[in-house]
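Analysis of the macromolecular model
In case you want the letters, here they are:
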Amino acid sequence: MGAPSTLVSTKTNTSVALSGAEAVIKSLIQEDVDLLFGYPGGAIMPVYDALYHYQKEIKHVLTRHEQGAIHAAQGYARASGKTGVVIATSGPGATNLITGIADAQIDSTPLVCITGQVISQLLGTDGFQETDVIGISMPITKWNYQVTSAEEIPEALAKAFFIARSGRPGPVLVDITKDAQFEQFNFDYKKCESIRSYNPVPTTDQNSLKKAASLVNESKKPYIIFGQGVILSGAEQELRQLLEKTGIPAASTLLGLSALPTTHPQYVGMVGMHGNYGPNLLTNECDTLIAVGMRFDDRVTGDLKRYCKQAKIIHIEVDPSEIDKNVKCDIPLLGDAKKILQSLLPLVNKSTHPIWMNEFEKCKKIEFEKVVQKDFFPKKDQLSMGEVLNEINNITKGDSVVVSDVGQHQMISCRYAQFNYSRSNITSGGLGTMGFCLPAAIGAKLAQPLRQVIAIVGDGGFQMTLQELGTIKQFGIDIKIIILNNEFLGMVRQWQELFFEKRYAHTEMQNPDFIAIAKGYGIEAKKITEREGLNDALKKMLTHNGSYLLEVRVGKEGNVFPMVATGASVSEVRLE
Amino acid sequence: MGEIKTYTISIFTENHVGLLNRITIIFTKRRLNIESLNTSESEIAGIHRFTIVVKVSEETVIKLVKQIEKQIEVVRAFYHIDEDTVFQEIALYKVHSNTIVNGIKVESLIRDNHARILAIENDFIIIEKTGHKEETNDLLKKLEPYGIMEFVRSGRVSVTKPLEHMVSFLKLN
Ligand SMILES: Cc1ncc(C[n+]2csc(CCOP(=O)(O)OP(=O)(O)O)c2C)c(N)n1
């Protein structure tokens, strides 16, 4: 390879002399950033010092851990549609971001991470708090770049924002050496609008569009599965129009949830390992599958060899590498989901599919009898997670943003939570990161300050990032936290029960007094163990002015169904 | 999964630090062995060229190329079977000088195999042969009885036979 190439912006006479650190802040302002999540340290101190002078322009939320900062930025990005920005110091600060970066990469969340780095002369010497964060983050970033001179800062950040949000979004990382932060140079900012080696949105083949439309028009049992791509491209309206014109039933993936209101008559539920019965089962009955902005994750498909073999598949996707990656499609429609759905709309016939829709209805009844009824109205004394969600729905009527962690409570939340608005379901999908919920809820609330944000978390996951209660208190962030406490790492326990003959190896938890912890942080809290108090307690929490923590003791050994076990086909979805 | 074949992947990139790492990660993540790798400039100023040889199914090589093209600084990537490319590798053999002094056989070996002597030192000579892997391997076997002090072979460099791509795809400013 040749000498390391550097980014050097072309200067104009509008430039002004400043330090690299101040240039970072000025660049952020140019990108309309008014909120940062971060944690300071030696190698990023010049940037923090510059921030001191820009407190009016940029609000900085000091979390209690860098993982908290990045999950908060993810929650912010997911709830707002904007790019989340995180700053951290070198070494441990940077490595603490890694889980969040991996999470954002697999869930296509636009993030710009800025890390400090040791001075450039120390690079490669194992200097104090030096880690090769570029090397470490390479497999989990959409792009990353190390800046060693102040001059590169504006262009590196302009590229970073452009790359993070364009096409299929993702996390980028810009690592800035401390000397580059101190260095004085002539600052001039130009937004990045294109990169010659990067084609964020491929052009859609018009012929394929026509073929797709006639396939849709001919099919007797068409079925739409939509994913987060609909939300990312802002195609909610277009999806709805297509559904309503064609009469096609539609199911969501975990991350697609809330793109379509859950009350929509053609919304049939969620697919996936713990998705709804009909949506899974009937995947293997449809004759045309229209996959919109989803990537056929293994938790969606189950056994690929027995996944939707009978149908013709149309795959609407912005990322060419997703085409035929897991599921071979008949008609790929590459491009922006919103534009593609807009172009499809005039080409498809007005239609209805009452008999086919009725299949979903039948499945829904079966699921209600076998699963939902037991979840919502359990015969046992112990509370179930499902009835908590049912009560929340009764009170909020689908108006709140629901942030969940990972485990049984997540699957229950995503199965049952009602959504009226898009960007209302925030959860860690592809990575399944425990500890995501509490900090992500912080970001979600800052993104949607006028909406109720409910964080639903397990006793296990809560303890992975509970220190962020400190952030919630310090910044007066109004989040309603519900711990569904089963005193187990519930989802793992469920697998132990079902697949490891109930050998509960290290999944039982001796928990602290969560109420005392919340109170220790100055947050109102209450614990309930009885059904009688549930509705009142939820109402009290939701009308409380400010953040509130409600611990609900639920049955220790509840299971989540339906379930498509690993290796099973979607047709083998179990109800018990 | 389809028949396993040798594929040459040609990758045209911006010349940025770390890109090699980004590209090799795509292979290691899938536990795929890179048979050979070469990096150099290309005919277009500022555009770098990677040549990677893998033995995989066509389905896999298609997926690899898509993942490679997904990298921001990769301009384009292509894959070809051997029949569609002209390719060469270069091999260097270091042998004791006395093998040549004493052996007319070695001299004819070099001649017959279209190899040449690159350097002669007091203690050793260096033979160079350009060709396909089978050919350079073949010479290696033939030289072995005379004692080889060192052997090294380069990565494959390859030029494709179809004319269409590069320039037409590289709509560069
Ligand atoms: C960081 C991390 N570690 C481990 C896991 C594996 N895991 C998945 S679900 C789960 C149990 C979660 O328990 P809890 O938070 O109490 O929620 P529950 O399932 O009981 O609702 C575990 C350990 C994970 N997803 N993330």
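Residues numbered from 1 in each chain as written. Chains lettered and ligands numbered in written order. Predicted model: local features only at pLDDT ≥ 70, side-chain atom pairs only at ≥ 80, totals over all residues. Heavy atoms only, no water.

Let us look at the overall build of chain B. A count of helices and strands for chain B gives six helices and nine strands. Considering only C-alpha atoms, chain B reaches an extent of 55 × 40 × 30 Å along its principal axes. Taken over 173 residues, chain B has a buried fraction of 44%. Across chain B, the fraction of contacts at a sequence separation of at least 24, relative to all contacts at a separation of at least 6, is 75%. (Helix = DSSP H or I, 4+ residues; strand = E, 2+ residues; numbered from the N terminus. Buried < 20%, exposed > 50% of the residue type's maximum accessible area, 1.4 Å probe, protein only. Contact = heavy atoms within 4.5 Å.)

In this section: the packing of aromatic side chains. One pass over the full model with this rule turns up 17 aromatic pairs over all chains. Ring centres 5.3 Å apart and planes at 45 degrees place the aromatic pair Y223(A) and F360(A) in the tilted group. On the criterion of sequence distance, the pair formed by Y223(A) in strand β9 (residues 222–226) and F360(A) in helix α15 (residues 354–376) is long-range, its members being 137 residues apart. Here the two residues Y223(A) and F360(A) agree in accessibility, since each one is buried. Consider the rings of Y93(B) and F151(B), whose centres lie 5.1 Å apart with planes at 45 degrees: the pair is tilted. (Phe/Tyr/Trp six-rings, centres within 6.5 Å; stacked < 30°, edge-to-face > 60°.)

Residues and elements named next belong to chain A. Segmentation of chain A into domains returns domain 1 (6–186), domain 2 (206–359) and domain 3 (383–555). For domain 1 and domain 3, the distance between their C-alpha centres works out to 31 Å. Counting residues at the interface gives 26 residues for domain 1 and 27 residues for domain 3. Summed over the three residues of domain 1 that lose the most area to domain 3, namely R64, R78 and A79, the buried surface amounts to 30% of that side. Inspection of the domain 1/domain 3 interface yields zero salt bridges. (Domains from an automatic or database assignment. Buried area = accessible area lost by both parts, 1.4 Å probe. Salt bridge = Lys/Arg side-chain N within 4 Å of Asp/Glu carboxyl O.)

Residue and element names in this part refer to chain A. The biggest cluster of nonpolar side chains holds 96 residues, and the ones touching the most others in it are Y223, I224, F226 and I316. For this core, the leading source of residues is α15, giving seven residues. Built from parts of two domains, this core gets at least three residues from each of domain 2 (206–359) and domain 3 (383–555). (Core = buried A, V, L, I, M, F, W, Y, C linked by side-chain atoms within 4.5 Å.)

Contacts between the two partners involve 25 residues from chain A, matched on the other side by 24 residues from chain B. Of the roughly 2,200 Å² buried at the junction of chain A and chain B (both faces included), carbon and sulfur atoms supply 51%. On inspection of chain A and its partner chain B, the count reaches two salt bridges. Note that K70(B) is salt-bridged to D319(A), the shortest N-O span being 2.7 Å. If you look at where chain A meets chain B, you find 11 residue pairs in polar contact (both at pLDDT 80 or more). Those elements that provide at least two residues to the side of chain A that touches chain B are β6 (143–147) and α7 (153–165) of chain A. Class assignment for the residues of the side of chain A that touches chain B results in 11 nonpolar, six polar and eight charged. (Polar contact = N/O pair within 3.5 Å; in protein donor to acceptor, adjacent residues only side chain to side chain. Nonpolar A, V, L, I, M, F, W, Y, C, P; charged D, E, K, R; others polar.)

This part covers helix α1 (residues 19–28) of chain B. Listing the buried residues of α1(B) in full gives L19(B), R22(B), I23(B), I25(B), I26(B) and F27(B). Elements that come into contact with the buried residues of α1(B) comprise β6 of chain A together with β1 (5–14), β3 (47–56), α2 (58–70) and β4 (74–81) of chain B.

Residue and element names in this part refer to chain A. Two elements in contact, helix α16 (residues 385–396) and helix α17 (residues 408–416), have axes whose closest approach is 9 Å; the angle formed by their N-to-C orientations is 40 degrees. Relative to α17, the element α16 is oriented oblique. Of the two possible hands of crossing, α16 and α17 adopt the one that is right-handed. Note on element contacts: α17 touches α16 through Q408, H409, I412, S413 and Y416, opposite M385, G386, L389 and N393. (Axes fitted to C-alpha atoms, helices over the stretch in contact; angles between N-to-C directions. Parallel < 35°, antiparallel > 145°, perpendicular 65-115°, else oblique. Left-handed = near helix turned anticlockwise from the far one by under 90°.)

All names here are of chain A. Around the ligand, the structure places 18 residues, and the nearest of them are Q408, H409, G432, G461 and G490. Separating an oxygen atom of the ligand from a backbone N or O atom of G461 is a distance of 2.7 Å. Its free accessible area being 590 Å², the ligand has 76% of it covered by the protein chains. Looking at which element gives the most residues to the shell around the ligand, the answer is helix α19 (residues 459–465), with four residues. Across the shell around the ligand, the residue classes tally to eight nonpolar, nine polar and one charged. (Near = heavy atom within 4 Å. Areas by Shrake-Rupley, 256 points an atom, 1.4 Å probe, with all protein chains shown as cover.)

Before going further, it helps to examine the pattern of salt bridges. In a structure, side chains of opposite charge can pair up when their charged atoms sit close to one another. Inspection of the entire model under this criterion finds 31 salt bridges over all chains. Between R168(A) and D319(A) there is a salt bridge, with its nearest N and O atoms 2.9 Å apart. Of this pair, R168(A) sits in the loop between α7 and β7 (171–177) while D319(A) sits in the loop between β13 (312–317) and β14 (331–334), placing them 151 residues apart in sequence. Accessibility expressed as a relative area gives 4% for D319(A), which makes it buried. A single network of salt bridges, built from pairs that share partners, joins R168(A), D319(A), E322(A), K325(A) and K70(B).

This part takes up the sheet that holds strand β2 (residues 36–41) of chain B. Residue and element names in this part refer to chain B. Strand order in the open sheet formed by four strands is β2-β3-β1-β4, with antiparallel pairing between adjacent strands. A strand with exactly one partner marks an edge of an open sheet, and here the two such strands are β2 and β4. Taking the axes of each pair of neighbouring strands and ignoring which way they run, one obtains an average angle of 15 degrees across the sheet. (Pairing = 2+ DSSP bridges.)

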